[in-house]
Amino acid sequence: MNIYTDVFLKRSVSLGLVIGAWVCSLAILRGAESKAGPAWRQLPLITDGKVDASWVHVGWGGFVADDGALRTDCDPKGLGLLVYQKERFGNCQIRVVYKTKEAKSNSGVYVRIADGILEQANQPGAAFERDAAGKPSPESMEKMKASGERDEGAWFAVHRGYEVQIADGGDPLHRTGAIYSLAPSSALSKKRPDEWKTMLITLAGTRISVDLDGQRITSFDSASPDLPPRKQWHEPKREPKRPEAGYIGLQNHDPGDIVWFKEISVRPLPAGKGK
């Protein structure tokens with residue numbers, strides 16, 4: 001074998017390795033794309049520095065635009081809910097990117113809210129009257145309880161939808177990731193409160209599951225005969241049955257409960273997720 005043949009063979013082998021690596025990389029990329037599932041569709045949050053018109057607020061308080069994200073703007077009179085009014089969502093996945101001012105900061109993502117929520121936009125219901133320390137008066141508390149039982153204002157969503165809780169300070173049935181008072185959260189994020197976290201909510205038939213920063217923390221089936229009983233007035237009624245296709249909403253709670261949302265995205269269920 002002369003020197004020219006040797007050089008030719010070495011170059012051929014090198015070229016073959018490069019082509020092989022490129023084909024392998026392409027196959028890996030295609031595999032990653034197929035595993036990623038359907039594309040995400042991001043819902044508009046802010047337009048011209050204000051909450052996008054696709055959303056309507058129900059109840060007290062509201063949301064404001066803050067550095068590219070929606071931030072809760074709570075009112076001493078009571079809780080509120082920002083509802084995406086353009087469509088209802090059935091079997092799908094919802095991706096929520098959020099952060100909180102403190103671990104105890106209270107908010108939530110509502111899913112499967114029944115028809116009728118949009119009619120509550122101009123009917124906020126009862127209002128708290130608070131003392132200098134922020135504590136509601138006994139009289140206004142009783143009025144709020146009655147208003148809640150009548151499904152008025154944001155309470156419509158409490159009793160005719162499901163809340164995926166945001167608040168790290170509660171017990172497993174009332175903390176981040178829990179289906180509020182119905183299904184417990186098994187873990188909290190290891191990130192600081194002021195770091196962005198990603199919550200993935202999967203709606204499949206009667207089932208709802210929640211993943212937080214890539215970890216499954218909650219599984220709930222509304223058809224289960226073993227749902228925990230309602231113990232407090234502000235917990236959701238176990239009836240009526242919630243629809244499998246409903247509105248979604250973002251909750252603002254009490255003054256001081258500051259939470260930011262920078263992304264709400266949806267996509268169809270990936271293959272196999274509905275089984």
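In this text, all values refer to a predicted model and were calculated from it rather than measured experimentally. In this convention, every chain numbers its residues from 1, walking through the sequence in written order. Per-residue local features of the predicted model are confined to residues with pLDDT of at least 70, and side-chain atom pairs are confined, for both listing and counting, to 80 or more; whole-chain, interface and lining totals are unaffected and use all residues. Side-chain descriptors were evaluated using all non-hydrogen atoms of the structure, hydrogens and water having been removed beforehand.

For the rest of this paragraph, the subject is the overall build of the protein. Helix and strand assignments come from DSSP, with helices taken as H or I runs of at least 4 residues and strands as E runs of at least 2, each series counted from the N terminus. Counting its secondary structure elements, the protein contains three helices and 15 strands. Relative to its 275 residues, the protein shows a buried fraction of 43%. Sequence separation of at least 24 residues holds for 73% of the intrachain contacts in the protein that already meet a minimum separation of 6. The accessible surface values rely on the Shrake-Rupley method and a 1.4 Å probe; as for residues, cover is taken only from the protein chains in view. Total accessible area on the protein stands at roughly 14,300 Å², and carbon and sulfur atoms take up 54% of it. The cut-offs for exposure are 20% and 50% of the maximum accessible area for each residue type, with area from a 1.4 Å probe on protein chains only; residues under the lower value are buried, those over the upper are exposed, and the others partly exposed. Throughout, a contact is declared for two residues whenever any of their heavy atoms are within 4.5 Å.

So, about the pairing of strand 15 (residues 259–268). Counting buried positions along strand 15 yields eight of 10 residues, so the element is predominantly enclosed. Any two strands are treated as partners once DSSP identifies two or more bridges connecting them. Two strands pair when backbone bridges link them, and strand 1 (residues 41–42) and strand 15 are joined in this way by two bridges, in the antiparallel orientation. Along strand 15, the bridge assignment pairs Arg41 with Val266. In this structure, strand 6 (residues 69–73) lies alongside strand 15, joined through two bridges in antiparallel fashion. Each residue of the ladder has a partner; that of Arg71, found in strand 15, is Trp260. Relative to strand 15, strand 8 (residues 92–100) runs antiparallel, the two sharing nine bridges.

The subject of this paragraph is the nonpolar core. Among the buried residues, those of types Ala, Val, Leu, Ile, Met, Phe, Trp, Tyr and Cys that are joined through side-chain atoms within 4.5 Å form a nonpolar core. In terms of nonpolar packing, the biggest core is built from 35 residues, with Ile94, Ile201 and Phe261 touching the most fellow members. Core analysis: the second largest hydrophobic core is formed by 18 residues, Val56, Ala114, Met144 and Val158 among them.

Glancing now at the sheet that holds strand 4 (residues 55–59). On the basis of which strands lie adjacent, the open sheet formed by five strands has the order 4-7-14-9-10 and antiparallel pairing. Here the strands that pair on one side only, and so sit at the sheet edges, are strand 4 and strand 10 (162–166). Strand-to-strand twist across the sheet, computed as the mean angle between neighbouring axes with direction ignored, equals 25°. Pairing of strand 7 (residues 80–84) with strand 14 (residues 247–252) involves four bridges; the strand directions are antiparallel. The residue of strand 14 that forms the bridge with Leu81 is Gln251. Note on method: axes are straight lines fitted to C-alpha atoms, helices fitted across the in-contact stretch only, with angles between N-to-C directions ranging 0 to 180 degrees.

With that settled, consider the confidence of the model for the protein. Values of pLDDT, the confidence the predictor places in each residue, fall between 0 and 100. Looking at the protein, the pLDDT average stands at 90 and 86% of residues meet or exceed 70. Taken as a whole, residues 3–34 scores under 50 in pLDDT and shows two contacts with residues more than four places along the chain or in a different chain.

A few words on the pattern of salt bridges. Only one rule defines a salt bridge in this text: a Lys or Arg side-chain nitrogen within 4 Å of an Asp or Glu carboxyl oxygen. The final tally for this structure, using the stated rule, is 14 salt bridges. Glu149 is paired through a salt bridge with Arg230; the nearest N and O atoms lie 2.7 Å apart. Taken as a pair, Glu149 in helix 2 (residues 138–149) and Arg230 in the loop between strand 13 (215–221) and strand 14 lie far apart in primary sequence, 81 residues in all. Take Glu149: its relative accessible area is 39%, and that puts it in the partly exposed class. The shortest N-O distance in the salt bridge between Arg160 and Asp151 comes to 3.0 Å. Judged by its relative accessible area of 30%, Arg160 falls in the partly exposed class. A relative accessible area of 7% means that Asp151 is categorised as buried.

Here we take up the environment of Arg160. Within the element layout of this structure, Arg160 appears in the loop between helix 3 (155–159) and strand 10. Along the primary structure Arg160 and Asp115 are separated by 45 residues, whereas in three dimensions their C-alpha atoms are 8.8 Å apart. Look past the residues within four positions of Arg160 in its chain and what remains in contact with it is Arg112, Ile113, Ala114, Asp151, Pro240, Arg242 and Pro243. Throughout this description, a polar contact denotes any pair of N or O atoms lying within 3.5 Å of each other; where both atoms belong to protein, one of them has to be capable of donating a hydrogen while the other can accept it, and for residues adjacent in sequence the pair is counted only when both atoms sit in side chains. A polar atom in the side chain of Arg160 sits 3.0 Å from the side chain of Asp151.

It is worth spelling out the packing of aromatic side chains at this point. Pairing of aromatic rings covers Phe, Tyr and the six-membered ring of Trp, with a centre-to-centre limit of 6.5 Å; geometry is then stacked below 30 degrees between planes, edge-to-face above 60, and tilted otherwise. Applying the stated criterion to the full structure yields five aromatic pairs. Ring geometry for Trp55 versus Tyr84: centroids 5.1 Å apart, planes at 70°, classification edge-to-face. Taken together, the residues Trp55 in strand 4 and Tyr84 in strand 7 connect sequence positions 29 residues apart. For the pair Trp55 and Tyr84, one class covers both residues: buried. Centroid distance Phe63 to Phe261: 6.3 Å. Interplanar angle 50°. Geometry classified as tilted. Taken together, the residues Phe63 in strand 5 (residues 62–66) and Phe261 in strand 15 connect sequence positions 198 residues apart. Each member of the pair, Phe63 as well as Phe261, is classed as buried. Ring pairing ties together the aromatic residues Trp55, Tyr84 and Phe89, which thus form one cluster. By definition, being over a ring means that NZ of Lys or CZ of Arg is both within 6 Å of the ring centre and within 35 degrees of the ring normal. The ring of Trp40 carries Arg95 above its face, with NZ or CZ at 4.4 Å from the centroid.

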